[in-house]
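Examining the three-dimensional arrangement
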Amino acid sequence: MTPELLGFQITHRAMRADTRRLAELAAQLAEGRQVADPARARAIAEFITTLNQGIHHHHTMEDEVLWPVLERSAGAEVDLRDLSDDHADLDPLLTEINAQAAAFASTGDAAALAKSLTRLADMLDEHIVEEERLLFPIIKKYVSVADWERVETAVRKGGNVKLDLPRIEQYAKPDELARLRKLAGPMLMLMISLFRRGHRRRQRLVFGPLADL
Ligand SMILES: [Fe+2]
């Protein structure tokens, strides 16, 4: 048996896609192609902050839990320095974006936010492509299923179920969702269904009533 990387892959996909969607939304708001009343502006700012928390948590768990597992299991086969440097570069940008999101919620000006979110989306695209290319084969080859489950549990523990679970359904392809359902059991879909409606409502407020969910 080898580690199941599907959950990580979907998390990565969701982080990249949501950041890109928010960057595009902020650009449209900055250019006046979309408008946000105070309630929508607050919802956008809140979604950005929550997403950033998730990105920070994911990278912290990689640094603190996955990296030690990789160093122990794969040793010289893996060089994590570039990926760690990326994590260190991402953190101040996340902090900056949180401040810009708060400023947007009170002033309605999305110009700075749009620029930073685009930068974040570009950085995440590059980082995650590289991380999956470099690490996924190594994880499959060297990491035990028990160690991998420990990593996933740590990631889940500090996560935000209200956001993480419905985004699995949002971003997994139908065959992937079927595979996850088989792996995680019926509880997964039950949990997802608990958060589905609230998630969709918040997403429509953020991205508009015709948002693709
Ligand atoms: Fe990473």
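Residues numbered from 1 in each chain as written. Predicted model: local features only at pLDDT ≥ 70, side-chain atom pairs only at ≥ 80, totals over all residues. Heavy atoms only, no water.

The chain appears in an unreviewed UniProt entry as Hemerythrin domain-containing protein from Streptosporangium amethystogenes subsp. fukuiense.

Brief notes about the coordination of the iron ion
Filter applied, for reference: Sites may look incomplete, because water is not among the atoms used; the donor set itself consists of N, O and S atoms within 2.8 Å of the metal (3.2 Å for Na, K and Ca). Site shape is set this way: if four donors have all angles between 85 and 135 degrees, tetrahedral; if opposite donors are over 155 degrees apart and all others between 65 and 115, square planar for four donors and octahedral for six; otherwise irregular. Note on conventions: DSSP H or I runs of at least 4 residues are helices, E runs of at least 2 residues are strands, and numbering of each starts at the N terminus. Throughout, exposure labels follow a simple rule: accessible area from a 1.4 Å probe, protein chains only, divided by the maximum for the residue type, with under 20% read as buried, over 50% as exposed, and the rest as partly exposed.
The protein atoms that coordinate the iron ion are E62 (OE), H87 (NE2), H127 (NE2) and E131 (OE), at distances of 2.0 to 2.3 Å. Taken together, the four donor atoms coordinating the iron ion and their angles of 85 to 168 degrees define a geometry best described as irregular. Of note, the donors binding the iron ion are all from one chain and are spaced E-x24-H-x39-H-x3-E. Within this pair, whereas H87 is found in helix α3 (residues 81-107), its partner E131 is found in helix α4 (residues 111-142), the two being separated by 44 residues in sequence. Residues H87 and E131 agree in their burial class; the two are buried.

Examining the packing of aromatic side chains
Just so we agree on the cut-off: Whether two aromatic rings pair depends on their centres lying within 6.5 Å, for rings of Phe, Tyr and Trp, where Trp uses its six-membered ring; planes under 30 degrees apart make the pair stacked, over 60 edge-to-face, and the rest tilted. The rule is short: NZ of Lys or CZ of Arg within 6 Å of the ring centre and within 35 degrees of the ring normal puts a charge over the ring.
Using the criterion set out here, one finds two aromatic pairs in the structure. On the numbers, 6.0 Å between centres and 85 degrees between planes, the contact of F47 with F207 is edge-to-face. On the criterion of sequence distance, the pair formed by F47 in helix α2 (residues 38-74) and F207 in helix α8 (residues 186-207) is long-range, its members being 160 residues apart. Each member of the pair, F47 as well as F207, carries the same accessibility label: buried. When the ring centre of F207 is taken as origin, the NZ or CZ atom of R21, which lies over that ring, is 3.9 Å away.

Things to note about a positive patch on the surface
As a reminder, the rule being used: Residues enter patches when they are more than 30% accessible in relative terms and free of salt bridges; like-charged ones are connected within 9 Å and nonpolar ones (Val, Leu, Ile, Met, Phe, Trp, Tyr) within 5 Å. Residue-level accessible areas treat just the shown protein chains as cover; the underlying method is Shrake-Rupley with a 1.4 Å probe. Salt bridges are defined by distance alone: a side-chain nitrogen of Lys or Arg within 4 Å of a carboxyl oxygen of Asp or Glu. We score Asp and Glu as negative and Lys and Arg as positive, and we do not count His or the chain ends. Positions of charges follow a simple convention, taking NZ of Lys, CZ of Arg, CG of Asp or CD of Glu.
A surface patch of like charges, here positive, comprises K162, R197, R201 and R202. Here R202 lies in helix α8. What makes R202 partly exposed here is its relative accessible area of 32%.

Considering the pattern of salt bridges
The final tally for this structure, using the stated rule, is 13 salt bridges. Here R179 ties to E4 by a salt bridge, and the two come within 2.9 Å at their closest N and O atoms. Residue R179 is located in helix α7 (residues 174-184), and its partner E4 is located in the segment before α1 (6-30); the two are separated by 175 residues in the primary sequence. Exposure remark for R179: the relative accessible area of 41% places this residue in the partly exposed category. Taking the relative accessible area as the measure of exposure, E4 reaches 26% and is therefore partly exposed. Between D147 and R72 there is a salt bridge; the shortest N-O distance is 3.3 Å. Of this pair, D147 sits in helix α5 (residues 145-157) while R72 sits in helix α2, placing them 75 residues apart in sequence. Among the residues examined, D147 registers a relative accessible area of 14% and is labelled buried. Relative accessible area serves as the criterion here: at 54%, R72 is assigned to the exposed category.

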